[in-house]
Amino acid sequence: MTSIRADLGEYLKEQRQHAKLSLRQLADAAGVSNPYLSQIERGLKKPSAEILQSLAKGLRISAESLYVRAGLLDEQDAAQVEVKAAILGDLGLNERQKRVLLDIYESFCEDNDRLAPVDAPKATPRKRATKKTATKRSTTAKTTAKTTAKTTAKTTAKKTSTARTTRKPS
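Structural notes, computed from the coordinates. Just so we're clear, the structure is a prediction, and the values are computed from it rather than from any experiment.

## Let's talk about the overall build of the protein
Okay, so step 1: A count of helices and strands for the protein gives eight helices and zero strands.
Okay, so step 2: Along the protein, from the amino end to the carboxyl end, the secondary structure elements read α-α-α-α-α-α-α-α.
Okay, so step 3: Counting over 170 residues, the protein shows a buried share of 24%.
Okay, so step 4: Within the structure as shown, the protein displays about 12,300 Å² of accessible surface, and the carbon and sulfur contribution to it stands at 54%.

## Concerning the environment of Cys109
Okay, so step 1: You can see Cys109 is positioned in helix H7 (residues 95-115).
Okay, so step 2: Its relative accessible area of 15% is what places Cys109 among the buried residues.
Okay, so step 3: Sequence-wise, Cys109 and Gln80 are 29 residues apart; in three dimensions their C-alpha atoms are separated by 8.7 Å.

## Brief notes about the packing of helix H4 (residues 49-59) against helix H5 (residues 63-70)
How two helices sit against one another is set out by the angle between their axes and by the gap between those axes.
Okay, so step 1: The contact between H4 and H5 brings their axes to 8 Å, and the two run at 135 degrees. When the interaxial angle is binned, H4 and H5 end up oblique. The handedness of the crossing between H4 and H5 comes out as right-handed. In contact with Ala49, Leu52, Gln53, Leu55 and Ala56 of H4, H5 contributes Ala63, Leu66, Tyr67 and Ala70.
Okay, so step 2: In the contact of H4 with H5, the residues fall into eight nonpolar, one polar and no charged.

## Let's talk about the nonpolar core
Soluble, globular proteins show a tendency: their nonpolar side chains are buried together.
Okay, so step 1: Counting residues in hydrophobic clusters, the biggest one holds 17 residues, and the most contacted among them are Leu8, Leu12, Leu37, Leu52, Leu55 and Leu66.
Okay, so step 2: Elements with a contribution of two residues or more to this core: helix H1 (2-18), helix H2 (23-30), helix H3 (34-41), H4 and H5.
Okay, so step 3: Ignoring sequence-local partners within four residues, the contact set of Leu37 consists of Leu23, Leu26, Ala27, Val32 and Leu55.

## With respect to the side chain of Glu41
Okay, so step 1: On the secondary structure map, Glu41 appears in helix H3.
Okay, so step 2: Taking the relative accessible area as the measure of exposure, Glu41 reaches 11% and is therefore buried.
Okay, so step 3: In contact with Glu41, other than residues within four places in its own chain, are Gly9, Glu10, Leu12, Lys13, Arg16 and Leu23.

## Considerations on the pattern of salt bridges
Okay, so step 1: In total, this model carries six salt bridges according to the counting rule given.
Okay, so step 2: In this structure, Arg16 and Glu41 form a salt bridge, with 2.7 Å as the shortest nitrogen-oxygen distance. Here Glu41 lies in helix H3 and Arg16 lies in helix H1, a separation of 25 residues in the sequence.
Okay, so step 3: For the salt bridge of Asp103 with Arg99, the shortest nitrogen-to-oxygen distance reads 2.9 Å. Taken together, the residues span about one helical turn, with Asp103 and Arg99 both in helix H7 at a distance of four residues.
Okay, so step 4: Relative accessible area serves as the criterion here: at 37%, Asp103 is assigned to the partly exposed category.
Okay, so step 5: Connected via shared salt-bridge partners are Arg99, Asp103 and Glu106.

Rules used in this analysis
- Residues numbered from 1 in each chain as written.
- Predicted model: local features only at pLDDT ≥ 70, side-chain atom pairs only at ≥ 80, totals over all residues.
- Heavy atoms only, no water.
- Helix = DSSP H or I, 4+ residues; strand = E, 2+ residues; numbered from the N terminus.
- Buried < 20%, exposed > 50% of the residue type's maximum accessible area, 1.4 Å probe, protein only.
- Areas by Shrake-Rupley, 256 points an atom, 1.4 Å probe, with all protein chains shown as cover.
- Axes fitted to C-alpha atoms, helices over the stretch in contact; angles between N-to-C directions.
- Parallel < 35°, antiparallel > 145°, perpendicular 65-115°, else oblique.
- Left-handed = near helix turned anticlockwise from the far one by under 90°.
- Contact = heavy atoms within 4.5 Å.
- Nonpolar A, V, L, I, M, F, W, Y, C, P; charged D, E, K, R; others polar.
- Core = buried A, V, L, I, M, F, W, Y, C linked by side-chain atoms within 4.5 Å.
- Salt bridge = Lys/Arg side-chain N within 4 Å of Asp/Glu carboxyl O.

See below:
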């Protein structure tokens, strides 16, 4: 457990320094005390999920990455959470399209879990996306969502026109 705390602390310190924030600045931004944040960075304290979320917000990074470092979430679950967050955060999609895309994604994940052999190891977690691959994934997600929306609209239009042509006059 100590190695997880130390790993989390080192990661937090690295992210804080990368963001060019002092310990005090991050503590203020996250709403925690300066000594408490220092203890977290040194691996002496294990923060709650709420504190990790506040720290992530102060650092402007993904809370899921901190959850993984703290051992609260495994990397595969974190990847799924990030995909869902990307879909929900996409401004190019309306709420219905987001829901449809999430439903499709969740059904694929369930199918994969159901079809996976019992003794087979879980898929290896994906490496952290670079800016280029993240942009590519975002573009792919948008294209998939647009295609899904168009297909849904065409199907709805066909059903409507079929319903109109099959009715007999009274």
